[in-house]
Amino acid sequence: MQLYERDFYAWTQEQATLLRSGRLEQLDTEHLAEEIEALGRQERRELVNRLGILLGHLLKWQFQPHLRGKSWRATLSEQRRQIQRLLKESPSLKPELAAALAEAYQDGILLVV
């Protein structure tokens, strides 16, 4: 059993050490590539999640005006701010925005229901 399977944290530290020391031939390239791709998917998932929360609260705001309050306003502001930050830090997510919004809308509806 490889270190990757036995102790993920130890594996990450080993891979970082190998990268920094230039010992590229010793890298676990297959697992390293998988983990880098997973990090990208995680960024996209965060965008969808934040959009879902924002859309859900916007729907609540529109259809439940009698329940509007400071906490909803704060949530709207916070999600907008975090989405802007995420897109600023990872501008290549911008072309994904339309698809992410479509996914997030379904999540937003579930939040309202």
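It should be noted that the structure appears before, not after, this text.
Predicted model only: the values in this text are computed from it and were never measured.

**Q** Even after reading the chapter, I still don't get the packing of helix H3 (residues 29–63) against helix H4 (residues 70–89), so can you show me in this structure?
**A** How two helices sit against one another is set out by the angle between their axes and by the gap between those axes. Where H3 contacts H4, the two axes come as close as 9 Å, and the packing angle between them is 150 degrees. Taken together, the axes of H3 and H4 lie roughly antiparallel to each other. Relative to H4, the crossing made by H3 is left-handed. On the side of H3, the interface is formed by Glu43, Glu46, Leu47, Arg50, Leu51, Ile53, Leu54, His57, Leu58, Lys60 and Trp61, while H4 contributes Trp72, Arg73, Thr75, Leu76, Gln79, Arg80, Gln82, Ile83, Leu86 and Leu87.

**Q** Got a minute to help me understand the packing of aromatic side chains in this structure?
**A** As enumerated under the stated definition, the model contains three aromatic pairs in all. Taking 5.8 Å as the distance between ring centres and 70 degrees as the angle between the ring planes, the aromatic pair formed by Tyr4 and Phe8 counts as edge-to-face. Under the relative-accessibility criterion, Tyr4 is labelled buried at 17%. Taken together through their ring pairs, the aromatic side chains of Tyr4, Phe8 and Trp11 make up a single cluster.

Calculation criteria
- Residues numbered from 1 in each chain as written.
- Predicted model: local features only at pLDDT ≥ 70, side-chain atom pairs only at ≥ 80, totals over all residues.
- Heavy atoms only, no water.
- Axes fitted to C-alpha atoms, helices over the stretch in contact; angles between N-to-C directions.
- Helix = DSSP H or I, 4+ residues; strand = E, 2+ residues; numbered from the N terminus.
- Parallel < 35°, antiparallel > 145°, perpendicular 65-115°, else oblique.
- Left-handed = near helix turned anticlockwise from the far one by under 90°.
- Contact = heavy atoms within 4.5 Å.
- Phe/Tyr/Trp six-rings, centres within 6.5 Å; stacked < 30°, edge-to-face > 60°.
- Buried < 20%, exposed > 50% of the residue type's maximum accessible area, 1.4 Å probe, protein only.

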